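# Report on the structure
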Amino acid sequence: EVACSPLPVLQQLAAELPARHEGVRRAQAFYQQACLRYRQPVPSTESSMMQAFGALRTVLSETSTGYTLHLGNSSTVRVASRIFESGDFPIFANRGTNGIEGSLSTAVGYALKMWGPSIVVLGDLSFFYDANALWNTHLPPNLRILLLNNHGGGIFHQLPGLADSPAMGEFISAGKQPFTAEGLARTFNLGYHCVESTEAFVPAMRQWLQAEGRAQLLEVALPPCL
């Protein structure tokens, strides 16, 4: 078994496969697409998420405890793919429609049978949509929720044509929604902490990951996606 990043593998396949082989055309296409993807600048709506994910990677690299990582849809998947190397540890994600994918419910259920931390990272739209997953008197203490709250769906600002819709701000992206998770955490007996400054990301995540006794929710307050 050889562990490495995707780009060198695709590059080698494209160079070594016989030119007449169907696989070489596919490998070349995937390699070109991957290169374009990694050259693209990070959208401004996701740059703050990059800092949060970078802090998470730092904290996870310090622990030897087996853990799994669950991702919500959209921004969390795109940003995580720039931060984490595939194959380092299990990463799960549900594919849904506009954030309606039950990623929080999945992480809760998984944590019930998981022996290490079951970590779910998701945005505010996915979190609030699936908050009923926390209405459970048997929430496992190894559940860790990292809520990246930028008060709306940033992906919708990147899709052509939506900016022209009068429903964009209030109904499509839910821009400037004022909610936080503090009340829900109190209702469902979750350990809760909110962090705003990038300097506090790493120490807050260390405390969140190491806390014992009950499930923990760390809310990262990010700049609005608008």
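These numbers were taken from a predicted model, which means no experiment stands behind them.

### Quick look at the overall build of the protein
The number of helices and strands found in the protein is 9 helices and 6 strands. Residues classed as buried in the protein amount to 42% of the 226 residues present. Considering only intrachain contacts with a sequence separation of at least 6, the fraction spanning at least 24 residues in the protein is 73%. Here the protein displays about 12,600 Å² of accessible surface, and carbon together with sulfur accounts for 55% of that area.

### Quick notes on empty space enclosed by the protein
Scanning the model with the defined rule gives 1 cavity of 30 Å³ or more in all. Reported here for the largest cavity is a volume of approximately 30 Å³. Residues that form the lining of the largest cavity fall into these classes: 3 nonpolar, 4 polar and no charged.

### Quick notes on the packing of helix α3 (residues 47-61) against helix α4 (residues 75-83)
For the pair α3 and α4, interaxial distance at closest approach is 10 Å and the crossing angle is 55°. Considering the angle they form, α3 stands oblique to α4. Here the hand of the crossing between α3 and α4 comes out right-handed. Here Met49, Met50, Phe53, Gly54 and Arg57 of α3 lie close against α4, whose contacting residues are Ser75, Thr76, Val79, Ala80, Arg82 and Ile83. Counted by class, the contact of α3 with α4 contains 6 nonpolar, 3 polar and 2 charged residues.

### Re the pattern of salt bridges
This structure, assessed with the given rule, holds 2 salt bridges. For arginine 206, the salt bridge goes to glutamate 62, with nearest N and O atoms at 2.8 Å. Linking arginine 206 in helix α9 (residues 201-210) with glutamate 62 in the loop between α3 and β1 (68-71), this pair joins segments that are 144 residues apart in sequence.

### A look at α9
Burial in α9 covers these residues: Phe201, Ala204, Met205, Trp208 and Leu209. Projected onto a plane normal to the axis of α9, the buried residues spread over an arc of 130° and lie on a single side. The exposed residues of α9 that point more than 90 degrees off its buried face are Gln207 and Gln210. Where α9 is buried, its residues contact α3, β3 (118-123), β4 (143-149), β5 (191-195) and β6 (216-221).

### Description of the packing of α3 against α9
Packing of α3 against α9 brings their axes to within 9 Å, and their N-to-C directions diverge by 50°. As far as their axial angle goes, α9 and α3 are oblique. Crossing of α3 over α9 shows right-handed handedness. Residue-level inspection shows Gln51, Ala52, Ala55, Leu56, Val59 and Leu60 of α3 in contact with α9, the latter providing Phe201, Val202, Met205, Arg206, Trp208 and Leu209.

### Structural notes on the environment of valine 195
Considering the arrangement of structural elements, one finds valine 195 in strand β5. For the pair valine 195 and glutamate 219, spaced 24 residues apart in sequence, the C-alpha to C-alpha distance is 6.4 Å. Setting aside anything within four residues of it in sequence, one finds valine 195 in contact with Ala200, Phe201, Ala204, Leu218, Glu219, Val220 and Ala221.

Analysis parameters
Residues numbered from 1 in each chain as written. Predicted model: local features only at pLDDT ≥ 70, side-chain atom pairs only at ≥ 80, totals over all residues. Heavy atoms only, no water. Helix = DSSP H or I, 4+ residues; strand = E, 2+ residues; numbered from the N terminus. Buried < 20%, exposed > 50% of the residue type's maximum accessible area, 1.4 Å probe, protein only. Contact = heavy atoms within 4.5 Å. Areas by Shrake-Rupley, 256 points an atom, 1.4 Å probe, with all protein chains shown as cover. 1 Å grid on protein atoms, 1.4 Å probe; cavity = no way out; pocket = protein on both sides within 12 Å on 5 of 7 lines; lining within 4 Å. Points joined across faces, edges and corners; volume = space filled by probe spheres on them. Nonpolar A, V, L, I, M, F, W, Y, C, P; charged D, E, K, R; others polar. Axes fitted to C-alpha atoms, helices over the stretch in contact; angles between N-to-C directions. Parallel < 35°, antiparallel > 145°, perpendicular 65-115°, else oblique. Left-handed = near helix turned anticlockwise from the far one by under 90°. Salt bridge = Lys/Arg side-chain N within 4 Å of Asp/Glu carboxyl O. Arc of directions from axis to C-beta.

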